[in-house]
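# Structural features, examined
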Amino acid sequence: MTDQPQSPTVRVFVALAPPDEAKDELARALRPAYEAYPRLRWNRIEDWHITLAFLGEQPVAAVPLLRPALAGLAADRPPLRLGLRGGGHFDERLLWSGIEGDLDGLHRLAADVRDLARSCGVAFQERVLRPHLTLARARRDDPVGAVRVAASLDGFAGRPWAAERLHLVGSNIGRGPGVIRYRDIEAWTFGGGS
């Protein structure tokens with residue numbers, strides 16, 4: 001048996017993750033949709049996150065540059081108070097839950113993460129931040145599943161929670177068939193700031 005060659009690149013992003021209690025609360029609200037729309041490609045609950053900066057495909061050597069900078073950023077920041085609310089979709093294909101709470105703080109944190117990545121020499125395509133938590137993707141032949149599930153979440157309002165950690169995440173998306181998987185490369189606890 002031969003070892004698989006290690007890829008010289010890694011697909012990475014920086015994110016926040018809701019605590020398990022918040023994810024469980026939303027998963028309970030989604031239970032009827034899981035049964036009614038089994039053809040949606042549902043994200044695994046353990047992979048739910050709020051992307052602050054999608055850095056894309058990067059040389060593996062970029063990761064060690066980001067680690068100390070992200071650790072320092074997290075140490076200087078207090079946790080953000082956020083919550084999950086309602087649902088929506090992008091282009092009738094991507095189903096999401098909305099984010100509420102300290103959205104100004106969330107946008108400032110995302111801007112600082114992106115500035116920090118650029119200062120570390122990491123080039124990436126800038127995307128407008130639209131805070132959300134991706135739940136599922138509809139297949140091309142299903143123009144209504146994501147739209148209907150989004151409508152069913154209109155009344156959902158989760159309890160507020162503190163985003164306690166900043167995550168540097170790697171993904172296998174675009175690396176062959178199968179379920180998209182995410183893994184924490186590293187995560188740092190927010191330190192409280194001043």
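The structure this text deals with has already been given above.
Residues numbered from 1 in each chain as written. Predicted model: local features only at pLDDT ≥ 70, side-chain atom pairs only at ≥ 80, totals over all residues. Heavy atoms only, no water.

## What to know about helix α1 (residues 20-36)
- Taking 1.5 Å of rise per residue, 17 residues should cover 24 Å, and α1 covers 24 Å from first to last C-alpha, within 8% of that figure.
- Among the residues of α1, those classed as buried are A22, K23, E25, L26, A27, L30 and A33. (Helix = DSSP H or I, 4+ residues; strand = E, 2+ residues; numbered from the N terminus. Expected span 1.5 Å × (residues − 1). Buried < 20%, exposed > 50% of the residue type's maximum accessible area, 1.4 Å probe, protein only.)

## Re the sheet that holds strand β1 (residues 9-16)
- With antiparallel pairing, the four strands of this open sheet are ordered in space as β3-β1-β8-β9. On the outer flanks of this sheet lie β3 (50-59) and β9 (182-189), each paired with one strand and no other. Neighbour-to-neighbour, the strand axes of this sheet turn through a mean angle of 20°, independent of strand direction.
- Relative to β9, strand β8 (residues 165-171) runs antiparallel, the two sharing seven bridges. Bridged to R165 within β9 is T189. (Pairing = 2+ DSSP bridges. Axes fitted to C-alpha atoms, helices over the stretch in contact; angles between N-to-C directions.)

## What about the sheet that holds strand β2 (residues 41-42)?
- Strand order in the open sheet formed by five strands is β2-β6-β5-β4-β7, and the pairing between neighbours is antiparallel. Edge positions in the open sheet fall to β2 and β7 (161-163), since each of these has one partner strand only.
- Where strand β4 (residues 80-90) meets β7, three bridges bridge the pair, whose relative direction is antiparallel. Directly across from L82, in β7, lies its bridge partner W161.

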